[in-house]
Amino acid sequence: MDVGFIGLGLMGLPMALNLARAGTPLVVWNRTASRAEPVGAAGAKVADGPAEVFERAEVIFLMLSDGDAIDAVLGRRAGTVAAGVAGRTIVHMGTTSPVYSAGLESDLRAAGAGYVEAPVSGSREPARAGHLVAMLAGEPDAVARVRPLLGPMCHETVECGPVPGGLLMKLAVNIFLITMVTGLSESVHFADRHGLDLERLLRVLDSGPMASAVSRAKARKLADRDFAPQAALADVLKNNRLIAEAARASGVASPLLDVCHALFGEALALGHGDLDMAGVVHAIESRDAGQVTPPGR
């Protein structure tokens with residue numbers, strides 16, 4: 001049977017393209033039909049709706065924005081899912097709350113379907129290159145069924161135990177990402193306001209022990225004022241909220257994340273939600289200009 005892929009957004013489209021170009025027998029669907037055209041041109045079948053994907057495919061990857069979008073595709077309501085998912089393995093590759101994912105697993109297994117979490121670390125460019133890292137969680141047989149299919153999309157897969165271990169791992173990784181990019185944005189802002197040569201700053205950062213693929217990419221975007229999205233600010237704020245909710249529910253302190261949460265919220269309020277996450281620098285600049293009063297002042 002074919003492999004299914006639903007959700008061809010900023011991340012989903014390059015991921016599905018990599019599957020199709022690798023020769024994976026693929027059937028895809030996206031709510032905005034035009035997004036499926038490049039994958040169809042690469043050899044995938046384009047379905048008329050989710051039901052056709054479930055009919056054709058045994059394993060279905062979901063790269064959707066949130067739980068509401070997932071529920072709509074699965075026909076999930078009041079603890080039930082559509083009968084068409086029976087016998088299929090559903091792979092949740094997006095980012096939702098761990099609590100939501102655990103409930104989804106319960107409903108899918110009750111409907112006779114398998115379930116695997118496989119959220120990924122990486123943004124649009126790693127997705128294009130097939131260099132994502134997948135964090136897998138679920139029943140061992142379901143994980144073993146899914147793992148070989150991830151090769152064209154992910155250069156590394158890490159098993160994280162039962163659900164919701166994959167999503168908890170993704171949230172832990174995102175704490176580092178969010179706080180790192182926010183700190184880098186403040187660093188570039190500080191240097192710029194003091195009249196330093198930003199190219200020299202980037203040279204120091206790139207040559208030092210803190211350099212990484214993310215720091216190099218985001219520092220360049222900040223220096224060039226290039227905020228074309230690799231990971232959209234609004235999506236990062238959503239992830240920040242998910243982490244904060246999980247931390248509060250478990251009584252875990254997240255002081256750095258809380259500062260970032262406020263800054264990303266301010267950047268969104270300033271109208272920068274469609275920018276890359278490095279656009280959080282706009283919130284820092286607004287505080288500098290006195291347009292926003294930071295909490296506690």
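It should be noted that the structure appears before, not after, this text.
The notes below deal with the structure included here. (Residues numbered from 1 in each chain as written. Predicted model: local features only at pLDDT ≥ 70, side-chain atom pairs only at ≥ 80, totals over all residues. Heavy atoms only, no water.)

### Brief notes about the overall build of the chain
Definition in use: Going along the chain from the N terminus, every DSSP run of H or I of four or more residues is numbered as a helix, and every run of E of two or more is numbered as a strand. When we talk radius of gyration, it's over C-alpha atoms, and the globule rule is simply 2.2 Å times the number of residues to the 0.38. Exposure classes here rest on a 1.4 Å probe applied to the protein chains alone. A residue is buried below 20% of its type maximum, exposed above 50%, and partly exposed in between. In this analysis, two residues are considered to be in contact whenever any of their non-hydrogen atoms come within 4.5 Å of each other. What sets the accessible areas is the Shrake-Rupley method with a 1.4 Å probe; for residues, cover comes only from the shown protein chains. In this tally, Lys and Arg are treated as positive and Asp and Glu as negative; His is ignored, and so are the chain termini. Just so you know, the charge point we use is NZ for Lys, CZ for Arg, CG for Asp and CD for Glu.
Within the chain, the secondary structure is distributed over 13 helices and nine strands. Taking 297 residues into account, the globule formula puts the C-alpha radius of gyration at 19 Å, and the chain, at 20 Å, falls close to it. Principal-axis analysis of the C-alpha atoms gives the chain an extent of 60 × 45 × 35 Å. When burial is assessed residue by residue, the chain has 50% of its 297 residues classed as buried. For the chain, long-range pairs separated by at least 24 residues make up 65% of all intrachain contacts whose partners lie at least 6 apart in sequence. Just so you have it, the chain exposes about 13,600 Å², and 55% of that area is on carbon and sulfur atoms. A distance of 2 Å separates the average location of the 27 positive side-chain charges in the chain from that of its 32 negative side-chain charges.

### Describing unusual backbone geometry
In the segment running from Val163 into Pro164, the intervening peptide bond is cis, with an omega of 10 degrees. Of note in the backbone geometry, Arg225 takes a positive phi value of approximately 55 degrees without being a glycine. Secondary-structure assignment places Arg225 in the loop between helix 10 (213-224) and helix 11 (233-250). Assessed through its relative accessible area of 43%, Arg225 is described here as partly exposed.

### What about the pairing of strand 4 (residues 57-62)?
Put simply, side chains in a regular strand alternate between the two faces of the sheet. Defined as follows: At least two DSSP bridges between two strands are needed for those strands to be called paired.
The element strand 4 is extensively covered by neighbouring structure, given that five of its six residues are classed as buried. Taken together, the five bridges between strand 1 (residues 2-6) and strand 4 define a ladder with parallel strand orientation. In the sheet register, Val3 faces strand 4, and the bridge partner there is Val59. Here four bridges tie strand 4 to strand 5 (residues 89-92), and the two strands are oriented parallel to one another.

### Remarks on helix 9 (residues 198-207)
Rule in force here: Relevant arc is that of directions from the helix axis to the C-beta atoms, nothing else.
Buried within helix 9 are the following residues: Leu198, Leu201 and Leu202. Down the axis of helix 9, the buried side of the element spans an arc of 95 degrees, and every buried residue falls inside it. Structural note: helix 9 exposes Arg200, Arg203, Val204 and Ser207 on the side pointing more than 90 degrees away from its buried face. Residues of helix 9 that are buried in the fold lie against helix 8 (165-193) and helix 10.

### So, the side chain of Thr89
With respect to the element layout, Thr89 can be found in strand 5. Of the residues examined, Thr89 reaches a relative accessible area of 3% and is grouped as buried. The contact partners of Thr89, leaving out residues within four places of it in the chain, are Glu58, Val59, Ile60, Gly114, Tyr115, Val116, Arg145 and Val146.

### Points about the packing of aromatic side chains
Our working rule: Any two rings among Phe, Tyr and Trp, with Trp reduced to its six-membered ring, count as a pair given centres within 6.5 Å; such a pair is stacked if its planes are under 30 degrees apart, edge-to-face if over 60, and tilted if neither.
Summed over all chains, the structure comprises one aromatic pair. Between Phe5 and Phe61, the ring centres sit 6.2 Å apart and the planes meet at 40 degrees, which makes this aromatic pair tilted. One end of the pair, Phe5, is in strand 1; the other, Phe61, is in strand 4, with 56 residues separating them in the sequence. In this pair, the class of Phe5 matches that of Phe61, namely buried.

### Comments concerning the pattern of salt bridges
To be explicit about the condition: Should a side-chain nitrogen of Lys or Arg be within 4 Å of a carboxyl oxygen of Asp or Glu, the pair is scored as a salt bridge.
Across all of its chains, the model carries 18 salt bridges by this definition. Here Lys218 makes a salt bridge to Asp276, at a shortest N to O gap of 2.9 Å. Linking Lys218 in helix 10 with Asp276 in the loop between helix 12 (255-269) and helix 13 (281-288), this pair joins segments that are 58 residues apart in sequence. Both residues of the pair, Lys218 and Asp276, count as buried. The shortest N-O distance in the salt bridge between Glu285 and Arg225 comes to 2.7 Å. Residue Glu285 is found in helix 13, and its partner Arg225 is found in the loop between helix 10 and helix 11; the two are separated by 60 residues along the sequence. Salt bridges sharing partners connect three or more residues here, namely Asp71, Arg76 and Asp107.

These figures come from the coordinates and say nothing about function on their own.
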